[in-house]
2 protein chains.
Amino acid sequence: MQSTHEFIASQKDRFLAELLDLLRIPSISADPAYAGDVRKAAEWIAENLRNAGADHVRLEETPGYPIVYGEKMVDPAAPTVLVYGHYDVQPADPLELWDNPPFEPVIKDDVIYARGACDDKGQVFMHVKAFEAMCATGNLACNVKFMIEGEEEVGSDNLGNFVAANKELLKADVILISDTAIIANDIPSIDVGLRGLSYMEVEVQGPNRDLHSGVYGGAVANPINILCQMISSMHDEFNHITIPGFYDGVMEVSAADRAAMAQTPFDLEAYQKDLGIDTVYGEKGFTTLERASIRPTLDVNGIWGGYTGEGAKTVLPSKAFAKISMRLVPNQSSAEITRLFTDHFKSIAPKGVKVKVTAHHGGEGYLMPTDSIAFQAASDAMTTTFGKEPIPTRGGGSIPIVALFEKELGIKSILMGFGLDSDAIHSPNEHYGLFNFYKGIETIPHFFQNFADLSK
Amino acid sequence: MQSTHEFIASQKDRFLAELLDLLRIPSISADPAYAGDVRKAAEWIAENLRNAGADHVRLEETPGYPIVYGEKMVDPAAPTVLVYGHYDVQPADPLELWDNPPFEPVIKDDVIYARGACDDKGQVFMHVKAFEAMCATGNLACNVKFMIEGEEEVGSDNLGNFVAANKELLKADVILISDTAIIANDIPSIDVGLRGLSYMEVEVQGPNRDLHSGVYGGAVANPINILCQMISSMHDEFNHITIPGFYDGVMEVSAADRAAMAQTPFDLEAYQKDLGIDTVYGEKGFTTLERASIRPTLDVNGIWGGYTGEGAKTVLPSKAFAKISMRLVPNQSSAEITRLFTDHFKSIAPKGVKVKVTAHHGGEGYLMPTDSIAFQAASDAMTTTFGKEPIPTRGGGSIPIVALFEKELGIKSILMGFGLDSDAIHSPNEHYGLFNFYKGIETIPHFFQNFADLSK
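Residues numbered from 1 in each chain as written. Chains lettered and ligands numbered in written order. Predicted model: local features only at pLDDT ≥ 70, side-chain atom pairs only at ≥ 80, totals over all residues. Heavy atoms only, no water.

S.K.: Just give me the short version of the interface of chain A and chain B, but keep the residues and values in it.
M.R.: It is common to give the size of an interface as the accessible area lost on bringing the parts into contact. Facing 91 residues of chain A, the contacting portion of chain B comprises 91 residues. Applying the counting rule to chain A against chain B returns two salt bridges. For A:Asp274, the salt bridge is made with B:Arg209, and the minimal N-O distance between the two is 3.0 Å. If one sorts the elements of the side of chain A that touches chain B by residue count, strand 12 (residues 297-306) of chain A sits on top with ten residues. Its residues assigned to classes, the side of chain A that touches chain B shows 36 nonpolar, 35 polar and 20 charged. (Contact = heavy atoms within 4.5 Å. Salt bridge = Lys/Arg side-chain N within 4 Å of Asp/Glu carboxyl O. Helix = DSSP H or I, 4+ residues; strand = E, 2+ residues; numbered from the N terminus. Nonpolar A, V, L, I, M, F, W, Y, C, P; charged D, E, K, R; others polar.)

Following this line, the structure appears as structure tokens:
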């Protein structure tokens, strides 16, 4: 891969400059106010992909944001790699906690600070640049197809239909995704598991209008008090989730696998120090690594109601709201959990309030076999560039589309990510190391070569 | 009182027009953005009081908003009435629920809609106009002192010092306040009890930054989940408040008094219909009227944390907040309850979170004896103008300054209010009936005459 390596080395500064351009586009898919910017990011990616050497590059329109498609078919006999990623990003608030504006990237101590730096613009762009390097040096050993969407952060609502409707177009031997993390820059790892997701929004209404808490307080159901009681009741004293049937589908992990997980390098003290907490907190009977990967969760992602301004207002509000999401493990059905949550939440509402429950988005968990040639190709590629064999790990995040790819296309995905859990994705001051960005660009061509060789 | 009555009748339209001018000033004391308007309201009141015939009208400066003072001493031998009220108003949000802008008063079906229409601009202004009528017709039978503050909605923080420092200036035989409600326009009543208040704000912090709920969910304390648990734990299954010692000071009401309360006209069905609820909700073993008057409460007035925007964000937030207020009954000490709440809230915080508790404002409850000549004067005045003897009732609201007046000045207060519980004070579309506004102006001179006569 010498020449590819040299090409990358010679273009490092341009690759970075281009990424910073992409990061300047506030492509927040959750907020309609940024619709124009989301589309702009799609067009930017398409243009860059075209310049990198891809053919048939186009925006595949959907009822939501477009999917960027492009391909390079070098040899009918060669295997085909479908690269998936997303160009949309999470909302940036709370803005006041950012050290620099989230869409004005800053590089400090070899780290890029910007919303999307790691999730996923920085990582998907590594593929575009690695692809450019392989094309430019005639080292592209596999056929490549790119499918880069703009709705990953809001549930990939339209990607499913696109995939189902374009099975022929998307035919491939493996799907390669960089949207996950390694344990540390000197401890490479590959995610072989993902959690599923059910994301709900609830509304509790008491009286039909805001009331004076002196005149009515104590005599009328306060929707905030009630919402707190309902949320509180969904965990027991062992931090088990109390929704009936919630654990029915959970695939229990064998003692052997748990023992293996326990061998994963993990520094609890450093973990707590990084988060500024004096202790971890979670389901009884499981370690922190297990709680964050092989166990389902229920977290309130947002709550609001009543007077939240300065000073004091003695109001008994009419309504209270919460966004509540559950991370699911392989074999839990998101649709089923969404149904169980909805039924349970309505069932525990006391008289005196009305509740509304709506589902935002969801998706299934995923487990990747480690005995595939795709996993071997990824493992060997990282071993080459990191000088260390990567550890198979199970991540806590969700890429719902991965399970859907397997269901619709019958193709397995490889999660060869280069981020770090400490990259603060979804948080203020999201960042991505230059080390990781360049290491990814360098590793991807090895994957292609290995996968082509192993496929022979 | 004929000529006073005639004068009022002849000036009705002007009185109303002046009130609407006052209501156009957004004197929201809780929000520093309106500081200029709050002061403007003070100056407006002072000017109007001066024109009404008061002497020595001035703004008494405080570290916060000024207190409007004015007086009319007609006869050293006559008793002196100190009129107290406030020119500040509650915040108007949620604005989208108002049918007309809160500070652009509208009159519909003989009802004035505006923030402050009833609480308390409309009611305090009745006194200014009744005073004007008595002066203009030479029927002022008592000396009068006005003390109209601008910080009632935020705890009257500076009025206490002003009162303590001006005992001679404020010397009076009774304090007359119109900041409460009657049962109905055809069922006059006089508040003989008020609840106290402790208003707290709490902050729960988990991790030092917002986190990805997939990467950390289930392994790190979620401050919203925890806050909900802590709030939920402060009521038991009977809706008793669980803060240790919370009920120690509570003055239990005798069975006889409770039986008397049960005779107060109250239509539960109409009450529920007005609020759009299918059932009332509160402390076991007490009626709705009791829950809203003779029993203490704990209500969350506001809660916020995490992502509250459109769509879905899978964030595990760093912090969650709530504003929590407790209504207290006579003999419960606000300072003691504030201490008990603070200690308890900190004590129930689980490991893994940090909590902050701050007190906004508070005040003591109050009980007015019904055997005083002041009460008699008020009761007779309402009997004259309503044609019905008013019923003594205990209100659920708080006017903390009333207990302070008695403590500092040794003067009892008469709560002769003319609003209705359904006036939506502190709510969108606050309103005040023209019937109530004019009935108040008509009744007040009778109180003055009765009080002078009974004092002889």
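S.K.: So, the pairing of strand 1 (residues 55-60) of chain A: which residues are in play, and what are the values?
M.R.: When strand 1 of chain A meets strand 2 (residues 67-72) of chain A, the two strands line up antiparallel, connected through four bridges. Within strand 2 of chain A, the position partnered with A:Arg58 by the bridge is A:Tyr69. (Pairing = 2+ DSSP bridges.)

S.K.: Account for the packing of aromatic side chains, with residues named and values stated.
M.R.: Aromatic rings considered in pairs are described by the distance between their centres and by the relative angle of their planes. Applying the stated criterion across every chain yields a total of 28 aromatic pairs over all chains. Here A:Tyr271 and B:Tyr216 contribute two aromatic rings whose centre-to-centre distance is 5.8 Å and whose plane-to-plane angle is 40°, an arrangement assigned as tilted. Separated into two different chains, A:Tyr271 in helix 7 (residues 268-275) and B:Tyr216 in the loop between strand 11 (211-212) and helix 5 (223-232) make up a pair that spans both. Its relative accessible area of 15% is what places A:Tyr271 among the buried residues. (Phe/Tyr/Trp six-rings, centres within 6.5 Å; stacked < 30°, edge-to-face > 60°. Buried < 20%, exposed > 50% of the residue type's maximum accessible area, 1.4 Å probe, protein only.)

S.K.: Could you give an account of the UniProt feature "domain: Peptidase M20 dimerisation" (unreviewed entry) in chain A, naming the residues involved and the relevant values?
M.R.: Following the UniProt record, one finds the feature "domain: Peptidase M20 dimerisation" (unreviewed entry) at residues 192-352 of chain A. Secondary structure over residues 192-352 of chain A splits into 27% helix and 23% strand, and the C-alpha atoms at its two ends are 47 Å apart. (UniProt positions renumbered as here; feature names shortened; annotations may be inferred.)

S.K.: Which residues make up the sheet that holds strand 20 (residues 431-433) of chain A, and what are the values?
M.R.: All names here are of chain A. Taken together, three strands build an open sheet; the order of strands is 4-5-20 and the sheet is antiparallel. Of all the strands in the sheet, just strand 4 (106-108) and strand 20 have a single pairing partner and so form its edges. Taken over all neighbouring pairs, the strand axes of this sheet differ in orientation by 25° on average, direction set aside. Packed on one face of the sheet, helix 12 (residues 434-455) meets strand 4, strand 5 (111-113) and strand 20 and runs near 60° to strand 20. (Axes fitted to C-alpha atoms, helices over the stretch in contact; angles between N-to-C directions.)

S.K.: How would you explain the sheet that holds strand 4 (residues 106-108) of chain B if you had to name every residue and give the values?
M.R.: All names here are of chain B. If you walk across this open sheet you meet the three strands as 4-5-20, and the pairing is antiparallel. Only two strands of the sheet have a single neighbouring strand rather than two, namely strand 4 and strand 20 (431-433). Strand-to-strand, the axes of this sheet are offset by a mean angle of 25°, without reference to chain direction. Sheet topology places strand 5 (residues 111-113) next to strand 20; three bridges connect them, and they run antiparallel.

S.K.: Which residues make up unusual backbone geometry, and what values do they have?
M.R.: Here A:Asp119 and A:Asp120 are connected by a cis peptide whose omega angle stands at 0°. Here A:Asp120 lies in the loop between strand 5 and helix 3 (121-136). Despite not being glycine, A:Asn331 has its phi angle at roughly 85°, a positive value. On the secondary structure map, A:Asn331 appears in the loop between strand 14 (319-328) and helix 9 (334-347). Of note, the phi angle at B:Ala424 is positive, near 60°, even though the residue is not glycine. On the basis of relative accessibility, which here comes to 6%, the residue B:Ala424 falls in the buried class.

S.K.: Give a description of the relation of the copies chain A and chain B that names residues and reports values.
M.R.: With an RMSD of 0.1 Å, the fit of chain A onto chain B corresponds to turning through 180° and sliding 0.0 Å along the axis. Taken together, the rotation and translation describe the operation of a two-fold axis. Same-surface contact between copies: 100% of interface residues of chain A are shared with the interface of chain B. (Least-squares fit on C-alpha atoms with pLDDT ≥ 70 in both.)

S.K.: Describe the domain arrangement of chain A, with residues and values.
M.R.: All names here are of chain A. Taken domain by domain, chain A comprises domain 1 (2-194 + 366-454) and domain 2 (196-250 + 296-363). On the side of domain 2, seven residues touch domain 1, which itself brings twelve residues to the contact. Both sides of the domain 1 and domain 2 interface together cover about 620 Å² of buried area, and 56% of this is carbon and sulfur. Taken together, the connections running from domain 1 to domain 2 amount to zero salt bridges. Here domain 1 and domain 2 share two residue pairs in polar contact (both at pLDDT 80 or more) between them. Partitioning the side of domain 1 that touches domain 2 into residue classes produces five nonpolar, four polar and three charged. (Domains from an automatic or database assignment. Buried area = accessible area lost by both parts, 1.4 Å probe. Polar contact = N/O pair within 3.5 Å; in protein donor to acceptor, adjacent residues only side chain to side chain.)

S.K.: Can you explain the packing of helix 3 (residues 121-136) of chain B against helix 12 (residues 434-455) of chain B? Please cite residues and give values.
M.R.: Residues and elements named next belong to chain B. Following both chains from N to C, one finds helix 3 and helix 12 inclined at 50°, their axes separated by 8 Å at the closest point. On the basis of the axis angle, helix 3 is oblique to helix 12. Handedness of the helix 3/helix 12 crossing: right-handed. On helix 12, the residues touching Gly122, Phe125, Met126, His127, Lys129, Ala130 and Met134 of helix 3 are Asn436, Phe437, Gly440, Ile441, Ile444, Pro445 and Phe448. Looking at the contact of helix 3 with helix 12, its residues break down into nine nonpolar, four polar and one charged. (Parallel < 35°, antiparallel > 145°, perpendicular 65-115°, else oblique. Left-handed = near helix turned anticlockwise from the far one by under 90°.)

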